[in-house]
2 protein chains.
Amino acid sequence: MDSKKVIISLDAMGGDHAPAAIIKGASLAIAKNPSLYFKIFGDSKLIQPWIDKCRNLKGSYELVHTDLYVPSDAKASDVVRNSKGTSMQLAIESVKNGEADTVISCGNTGGLMALSLFILRPIEGILRPAIIAPVPSLSEPCVFLDIGANSTVTEEHLLQFAIMGIAYCKATLNMENPKVGLFNIGSEATKGTELVQNAADLISQYPFINYQGFAEGDDLVKGKFNVIVTDGFTGNISLKTMEGTASYILEQTRKLFKGSFLAKIALFIFLALTFPRLLKLKKKVHPRHYNGAMLIGLQGISVKSHGASDKKAFAIAIDVAYRLVAGRVNEHIKHELEEINNLLQMNNEQE
Amino acid sequence: MDSKKVIISLDAMGGDHAPAAIIKGASLAIAKNPSLYFKIFGDSKLIQPWIDKCRNLKGSYELVHTDLYVPSDAKASDVVRNSKGTSMQLAIESVKNGEADTVISCGNTGGLMALSLFILRPIEGILRPAIIAPVPSLSEPCVFLDIGANSTVTEEHLLQFAIMGIAYCKATLNMENPKVGLFNIGSEATKGTELVQNAADLISQYPFINYQGFAEGDDLVKGKFNVIVTDGFTGNISLKTMEGTASYILEQTRKLFKGSFLAKIALFIFLALTFPRLLKLKKKVHPRHYNGAMLIGLQGISVKSHGASDKKAFAIAIDVAYRLVAGRVNEHIKHELEEINNLLQMNNEQE
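Residue positions are given per chain, counted from 1 along the sequence in the order it is written. Throughout, the order in which chains and ligands are written sets their labels, letters from A for the former and numbers from 1 for the latter. Note on the predicted model: pLDDT of at least 70 is required for a residue's local features to be given, and 80 or more for side-chain atom pairs to be given and counted; whole-chain, interface and lining totals, by contrast, use all residues. Heavy atoms from the whole structure form the basis of all side-chain values; hydrogens and water molecules are not counted.

A. View of the overall build of chain A. Starting at the N terminus, helices and strands are each numbered in turn, a helix being any DSSP run of H or I of at least four residues and a strand any DSSP run of E of at least two. Each helix and strand counted, chain A has 13 helices and eleven strands in total. Throughout, radius of gyration means the C-alpha value; the globule benchmark is 2.2 Å times the number of residues raised to the power 0.38. On C-alpha atoms alone, chain A measures out to a radius of gyration of 21 Å, which is about the 20 Å that the 2.2 N^0.38 rule sets for 351 residues. Based on the C-alpha atoms only, the size of chain A along its principal axes is roughly 65 × 55 × 35 Å. Buried means the residue's accessible area, taken with a 1.4 Å probe over protein chains only, is under 20% of the maximum for its type, while exposed means over 50%, and partly exposed covers the values in between. Counting the 351 residues in chain A, one finds 54% classified as buried. For chain A, contacts bridging at least 24 residues in sequence account for 72% of all contacts bridging at least 6. Working rule for contacts: check all heavy atoms of both residues, and any pair within 4.5 Å makes them a contact.

What follows is the structure, encoded as structure tokens:
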């Protein structure tokens, strides 16, 4: 096997469309990027037929059989206790052992996060790993963290979230100097809780963080910031509000078509005429294109693909995982942690 | 003047379309509800011409002239200090003096809230007045608080928010037993911060609160709850995320039409065919129909209408204010506070 290849472990048993979407997604991804190599974990009886259909995987995978898998509705704490030998656990373990560069699963989110934390452990100096996700935005790309790992945080945690968000942007988007914002209830410097006030003071001390001030709820989609930082309580609720609002509008729009044949025809004409632009829009806002959340701050890279991922969405998660490895996300995090320590040391010496 | 009339003070100088939208809105409202009487505060030179155009206002208003008004960009603290004699201050003062039943302004939100708190003072026993707003939802109506008055809260505050939300629903929606939810990052009982855990324990102690458990971000639009309670930090960010997401989708959709004449024609046909349903949808989701936020928990009723309100939106704010008065929102709040005190006393006596 080529030593330059990026080795990606796949939990082939997680998600609504497993294992088909996982194997087909891997095939799609390798067609675009031949430097991928997959370790596929799961039930070989179910998986092998799909692999046989995807000829371009030949020579670029190995299949590790296990009958066991993590149920989608298991509690995170139970997953940590009872996951031995499951496809998810073996896949994460392969990253720990250095046999793979990264792991991807569409399975149980809480379980994947808890198990990744348990097996891969935080990077030295990282106080709290966080869940990070890309969000659709009007112009520039934007990543958002923490979206649920830490309900309560301190200003030091928020500082580290900023650093991890920057590292994610640098690694996956090749961004040099991502603009960082801190979630608050107003953009004026005097607004908000003591925590965000202190965090703003702390973050703006570091010249290598391109801190742009407070972000408001609607900045999540405005593209004014590349990294938006908040606690896991606010982040989780805000992200779910976003998803809920989008579904709501979709649902209401769908209701318009009920029973009206003529309306459907007119819509069809409209869609046909705007097709190229619609396609572009769909590409821009479809959740599939914002796949690839991760628990960031661990010694290994563990990527969560949507539970409902189809092959295209899964191929995007593979691409994100590849870029996190190739862009050396953890090196960026360690580098920025060092910069902070250096600056703190310099300040101490000056005092 | 008929003593049964509901007297509504209008700050005619606030908002993007003042005073025209305010006066025309009052005219619209009184056409539907003849039991309204308006006290109109502002610059009579600017206001009188609009009143003259709205003949149905005759005999149902008085105009109190003032040259002064609160600038839309003034800081809340400055508004409290420097608002003497402004249309906003005089309008709120008229409620304090018992000359009016309620006040409505489209002006400076922070200023209106701060000034209302300063002049009207909290209801005895209410620890923290909160900002409450109705939100669009799929099936049942839903109100949401706190959306920005209190960045940090205790479980007692959240309990009182629940009570105030219930009172708002009872008064304006004639609801007997609104379903109450507490914002959290998961619906399982074990999730979230200590604060929400404690608040859930506290709220579920009171049998007269129809507590339905934890609500998630997407429940804001799902219509599963009639009252969703949270701290002002999370509430503000969540509401702005909702508004931002809706604008984002609208913006992206608009882009589809740029430059394509045929697409516009097809859309026109589609719109014409689905018009009745579209109208219903628009009525359901247009921000205009979710007008009438208020700082709830004060001894007088102070209603905030959107800054961008047109006459129809303003008429809806008037209707909300009317229902808050007629439905005796503050009596409901006081009644529930008493129920809580009675229950606490009973428990103490039993111990």
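B. Looking closely at helix α7 (residues 194–203) of chain B. Of the positions making up α7 of chain B, those classed as buried are Val196, Ala199, Ala200, Leu202 and Ile203 of chain B. The buried residues of α7 of chain B all sit within an arc of 165 degrees when viewed along its axis, so they share a single face. The arc refers to the directions leading from the helix axis to the C-beta atoms.

C. Structural view of the sheet that holds strand β4 (residues 102–105) of chain A. Residue and element names in this part refer to chain A. The sheet built from eleven strands is open, its strands ordered β3-β2-β1-β4-β11-β10-β5-β6-β9-β7-β8 with mixed pairing. Of all strands in the sheet, those with a lone pairing partner are β3 (61–65) and β8 (210–215), marking the two edges. Strand-to-strand twist in this sheet, taken as the mean axis angle between neighbours without regard to direction, amounts to 25 degrees. What makes two strands pair is DSSP finding at least two bridges between them. With five bridges joining them, strand β2 (residues 36–42) and β3 adopt parallel strand pairing. Residue pairing in the sheet places Phe38 in a bridge with Tyr61 of β3. Here the axes come from fitting lines to C-alpha atoms, over the contacting stretch only for helices, and the angles between their N-to-C directions go from 0 to 180 degrees.

D. Examining the pattern of salt bridges more closely. Residue and element names in this part refer to chain A. The salt bridge criterion pairs a side-chain nitrogen of Lys or Arg with a carboxyl oxygen of Asp or Glu, the two atoms within 4 Å. For the structure on display, the rule yields 16 salt bridges over all chains. Across the pair Glu140 and Lys179 runs a salt bridge whose closest N-O atoms are separated by 2.8 Å. Linking Glu140 in the loop between β5 (130–135) and β6 (142–145) with Lys179 in strand β7 (residues 179–183), this pair joins segments that are 39 residues apart in sequence.

E. Geometry of the side chain of Glu336 of chain B. All names here are of chain B. The residue Glu336 is located in helix α13 (residues 329–350) in this model. Looking at Glu336, the relative accessible area reads 3%, which means it is buried. If sequence neighbours within four positions are ignored, Glu336 has contacts with Ile163, Ile166, Lys170 and Phe208.

F. Molecular detail of the environment of Lys32 of chain A. Residue and element names in this part refer to chain A. Take Lys32: it is sitting in helix α1 (residues 20–32). When its relative accessible area of 78% is taken as the criterion, Lys32 is described as exposed. Once the C-alpha coordinates of Lys32 and Asn174 are considered, the two residues, 142 residues apart in sequence, prove to be 19 Å apart.

G. How the structure looks around unusual backbone geometry. Here the residue pair Leu145 of chain A and Asp146 of chain A is connected by a cis peptide bond, since its omega of -5 degrees sits within 30 degrees of zero. If you trace the backbone, Asp146 of chain A turns up in the loop between β6 and α6 (155–173). Cis geometry is found at the peptide bond from Ala18 of chain B to Pro19 of chain B, where omega equals -5 degrees. A positive phi angle is found at Arg121 of chain A, which is not glycine, with a value near 60 degrees. When you line up the elements, Arg121 of chain A lands in the loop between α5 (109–120) and β5. According to the relative accessible area criterion, Arg121 of chain A is partly exposed, its value standing at 40%.

H. Structural context of the packing of α6 of chain A against helix α12 (residues 311–326) of chain A. Residue and element names in this part refer to chain A. Two elements in contact, α6 and α12, have axes separated by 7 Å at closest approach and are oriented at 105 degrees. Between α6 and α12, the angle is such that the two are roughly perpendicular. Note on element contacts: α12 touches α6 through Val320, Arg323 and Leu324, opposite Tyr168, Ala171, Thr172 and Leu173. Only Asp, Glu, Lys and Arg are considered charged, only Ala, Val, Leu, Ile, Met, Phe, Trp, Tyr, Cys and Pro nonpolar, and every remaining residue, Gly among them, polar. Residue composition of the contact of α6 with α12, by class: five nonpolar, one polar and one charged. Oblique is the label for any angle not under 35 degrees, not over 145, and not in the 65 to 115 range, which are roughly parallel, roughly antiparallel and roughly perpendicular in turn.

I. View of the sheet that holds strand β7 (residues 179–183) of chain B. Residue and element names in this part refer to chain B. Taking strand neighbours across the sheet as the criterion, the eleven strands line up as β3-β2-β1-β4-β11-β10-β5-β6-β9-β7-β8 in an open arrangement whose pairing is mixed. Both edges of this open sheet fall to β3 (61–65) and β8 (210–215), since each of them pairs with a single strand only. Across this sheet, the average inter-strand angle for adjacent strands is 25 degrees, counted without regard to direction. Across the sheet, helix α2 (residues 44–53) lies against β2 (36–42) and β3, angled at about 160 degrees from β3, the strand it touches most. Against the sheet, helix α6 (residues 155–173) touches β5 (130–135), β6 (142–145), β7, β9 (227–229) and β10 (293–296), its axis set at about 160 degrees to β9.

J. Up close: a positive patch on the surface. Residue and element names in this part refer to chain A. Taken together, the side chains of Lys24, Lys32, Lys53, Lys311 and Lys312 define a basic patch exposed on the protein surface. Of all the secondary-structure elements, those providing two or more residues to the positive patch are α1 and α12. Inspection of the secondary structure assignment puts Lys24 in helix α1. Patches here: salt-bridge-free residues with over 30% relative accessible area, like charges joined within 9 Å, nonpolar side chains (Val, Leu, Ile, Met, Phe, Trp, Tyr) joined within 5 Å. Methods summary: accessible areas were calculated by the Shrake-Rupley approach with a probe of 1.4 Å, and residue burial reflects only the protein chains presented. Note on charges: Lys and Arg go in the positive column, Asp and Glu in the negative column, and His and the chain ends are not counted at all. To locate a charge, the coordinates of NZ of Lys, CZ of Arg, CG of Asp or CD of Glu are taken.

K. Fine view of the environment of Gly111 of chain B. All names here are of chain B. Looking at the secondary structure, you find Gly111 in helix α5 (residues 109–120). Here Gly111 falls in the buried class, since its relative accessible area comes to 0%. The spacing of Gly111 and Asp73 is 38 residues in sequence and 9.1 Å in space, taken between C-alpha atoms. For Gly111, the contacting residues outside a window of four places in its chain are Ala76, Val79 and Met88.

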